[in-house]
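A structural walkthrough
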Amino acid sequence: MTITGQPGPARGPVPAPARAAGTPPLAERMRAFGTTIFAEMSALATRTGSINLGQGFPDTDGPEEVLAAARQAISDGHNQYPPGRGIPELRQAIAADRERRRGQRFDPETEVLVTAGATEAITAAVLALCEAGDEVIALEPTYDSYAASIALAGARLVPVRLEPPDFGVDLDRLAAAITPRTRLLLINTPHNPTGRVLDEQELAGIARLAVAHDLLVITDEVYEHLVYDGEHLPLARFPGMAERTITVSSAGKTFAVTGWKIGWACARPELITAITTTKQFLTYVNGAPFQWAVATGLGLPDSVITTIRDDLRAGRDLLADGLRAAGLEPFRCQGTYFLTVDVARLGFDDGLDFCRRLPELCGVVAVPSRVFYTDPGPAASFVRFAFCKRPAVLSAAAERLATLSPR
Ligand SMILES: *Cc1c(COP(=O)(O)O)cnc(C)c1O
């Protein structure tokens with residue numbers, strides 16, 4: 001804006017750069033991103049009538065109290081643009097939740113921002129904090145939106161691989177990935193797709209490196225409540241981290257309402273102000289009635305969330321048995337919606353090939369983990385199955401999978 005009388009950025013016609021004839025319409029920085037594998041695999045599931053364990057969304061609704069609160073909010077007329085940072089009631093509920101469940105203190109006025117899902121929180125943060133050419137280190141395999149956000153910012157993704165069987169963070173490898181261009185660490189725990197929950201020693205090591213190199217950190221904790229063994233520890237609570245960490249979470253996974261797209265970022269005021277500056281031009285705001293419903297949800301007794309978690313743990317165990325019966329021993333999964341297997345055990349060295357054939361082999365759809373890597377290497381034969389489905393669906397899938405046998 002130019003209200004101070006200072007000249008603003010030049011507006012008006014700028015000569016278009018020459019585009020060669022036949023150049024595809026998609027901007028170069030996005031060309032690596034075609035249709036996602038989830039779209040391909042979901043279409044395959046529909047076409048073949050297969051059980052879709054590809055994309056991670058629950059096939060049941062969230063808690064009735066939370067759904068009722070959304071209906072009530074619509075009836076009560078909460079249907080116009082909410083405040084840019086989110087309704088105060090939700091920001092207060094988020095701050096109270098972080099304090100009660102995680103021992104973290106945030107001022108709801110200045111340190112909490114409601115976003116269109118965790119996805120927007122992460123994208124807005126990367127766009128707000130990175131200059132073109134900056135490097136962003138992320139644990140690989142990476143959730144699919146990370147690489148795209150980093151590309152949109154003109155920054156560069158520097159992957160640090162988590163290796164099977166335990167998918168732990170190799171701190172030497174992480175240290176070696178840090179350069180003078182490193183701006184951000186993008187950490188995800190509980191980790192999608194591996195199901196790994198980072199432990200105290202790993203998080204302390206990450207924190208030491210972030211402090212030593214004065215890095216900002218985004219921590220994607222959308223599965224913070226979906227931990228089946230172990231304990232979720234927030235990275236922002238480690239020494240020196242509160243001032244440099246943007247903690248991201250979302251109602252989608254916690255309350256099994258992934259279509260609502262209510263997420264949030266919590267951080268020190270200067271960081272939240274920077275992220276808000278970008279966020280206001282992405283969506284401005286979203287989901288007014290759902291913001292009220294999530295505020296209600298966060299205030300409900302813990303049993304609401306622990307019931308969802310316990311049902312998911314049972315789902316994990318049911319699907320794991322089916323995979324074992326097929327000769328596919330899953331890697332340990334401590335949290336999230338996903339089990340990973342290595343289909344090399346069935347004679348496939350390419351998980352994509354396996355996933356394309358799985359509907360015809362046994363009527364189930366999964367996704368190849370290679371899509372979560374810049375260069376999959378030995379992970380090319382890994383496949384991810386979602387278990388956030390009803391018990392009847394998982395039993396049917398387990399029975400079908402059990403008919404697979406080594407080639
Ligand atoms: C589902 C998911 C997200 C996206 O959350 P939304 O709130 O739906 O935007 C972000 N990160 C990870 C690791 C996820 O699995």
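Note that the structure is predicted; figures quoted are calculated from it, not measured.

A look at the overall build of the protein chain
For the protein chain, the helix and strand inventory stands at 13 helices and 12 strands. Over its C-alpha atoms the protein chain spans a radius of gyration of 22 Å, differing by no more than 12% from the 22 Å that the globule rule assigns to 407 residues. Each principal axis of the C-alpha distribution contributes one length, and for the protein chain these read about 75 × 55 × 45 Å. Evaluated residue by residue, the protein chain yields a buried proportion of 55% over its 407 residues. When contacts within the protein chain are restricted to residue pairs at least 6 apart in sequence, long-range pairs at least 24 apart make up 76% of them. In the structure as shown, the protein chain presents an accessible area of about 17,700 Å², 54% of it carried by carbon and sulfur atoms.

Describing the side chain of Q104
Along the polypeptide, Q104 turns up in the loop between α3 (88-102) and β2 (112-116). At 3.0 Å, the side chain of Q104 forms a polar contact with the side chain of R98. What Q104 contacts, discounting residues up to four positions off in sequence, is A95, R98, E99, P234, A236, R237 and T247.

Notes on the domain arrangement of the protein chain
Here the domain parsing of the protein chain yields domain 1 (31-61 + 303-402) and domain 2 (64-299). For domain 1 and domain 2, the distance between their C-alpha centres works out to 25 Å. Across the boundary between the two partners, domain 1 contributes 35 residues, which contact 37 residues of domain 2. With both chains or domains summed, domain 1 and domain 2 bury close to 3,000 Å², and 61% of this area falls on carbon and sulfur atoms. Between domain 1 and domain 2 we count 2 salt bridges in total. When the shortest N-O distance is used, the salt bridge between D229 and R316 registers 3.5 Å. Joining domain 1 to domain 2, the criterion identifies 15 residue pairs in polar contact (both at pLDDT 80 or more). It is helix α11 (residues 302-325) that contributes the most residues to the side of domain 1 that touches domain 2, 7 residues altogether.

A few points about the nonpolar core
Side chains of a nonpolar character, in soluble globular proteins, are inclined to be buried together. If you look at the biggest cluster of nonpolar residues, it comprises 101 residues, and the most contacted ones within it are L185, I218, L235, I246, L319, F354 and F385. If near-sequence neighbours (up to four positions away) are discounted, I246 is found in contact with L129, V217, I218, T219, A265, C266, A267, L271 and I275. Core analysis: the next-biggest nonpolar cluster, separate from the first, contains 26 residues, A70, I262, W264 and C266 among them.

Things to note about the UniProt feature "domain: Aminotransferase class I/classII large" (unreviewed entry) in the protein chain
Per the UniProt annotation, the sites labelled "domain: Aminotransferase class I/classII large" (unreviewed entry) are residues 51-401. Across residues 51-401, helical content stands at 41% and strand content at 16%; the span's end C-alpha atoms are separated by 11 Å.

A closer look at the site of the ligand
Contacts to the ligand come from G117, A118, T119, Y143, N188, N192, D220, V222, Y223, S250, K253 and K261. Within the side chain of K253, an N or O atom sits 3.1 Å from an oxygen atom of the ligand. K261 has a polar side-chain atom sitting 2.7 Å from an oxygen atom of the ligand. Protein contacts shield 94% of the accessible area of the ligand, which totals 380 Å² for the unbound molecule.

So, how was this worked out
Residues numbered from 1 in each chain as written. Predicted model: local features only at pLDDT ≥ 70, side-chain atom pairs only at ≥ 80, totals over all residues. Heavy atoms only, no water. Helix = DSSP H or I, 4+ residues; strand = E, 2+ residues; numbered from the N terminus. Rg over C-alpha atoms; globule rule 2.2 N^0.38 Å. Buried < 20%, exposed > 50% of the residue type's maximum accessible area, 1.4 Å probe, protein only. Contact = heavy atoms within 4.5 Å. Areas by Shrake-Rupley, 256 points an atom, 1.4 Å probe, with all protein chains shown as cover. Polar contact = N/O pair within 3.5 Å; in protein donor to acceptor, adjacent residues only side chain to side chain. Domains from an automatic or database assignment. Buried area = accessible area lost by both parts, 1.4 Å probe. Salt bridge = Lys/Arg side-chain N within 4 Å of Asp/Glu carboxyl O. Core = buried A, V, L, I, M, F, W, Y, C linked by side-chain atoms within 4.5 Å. UniProt positions renumbered as here; feature names shortened; annotations may be inferred. Near = heavy atom within 4 Å.

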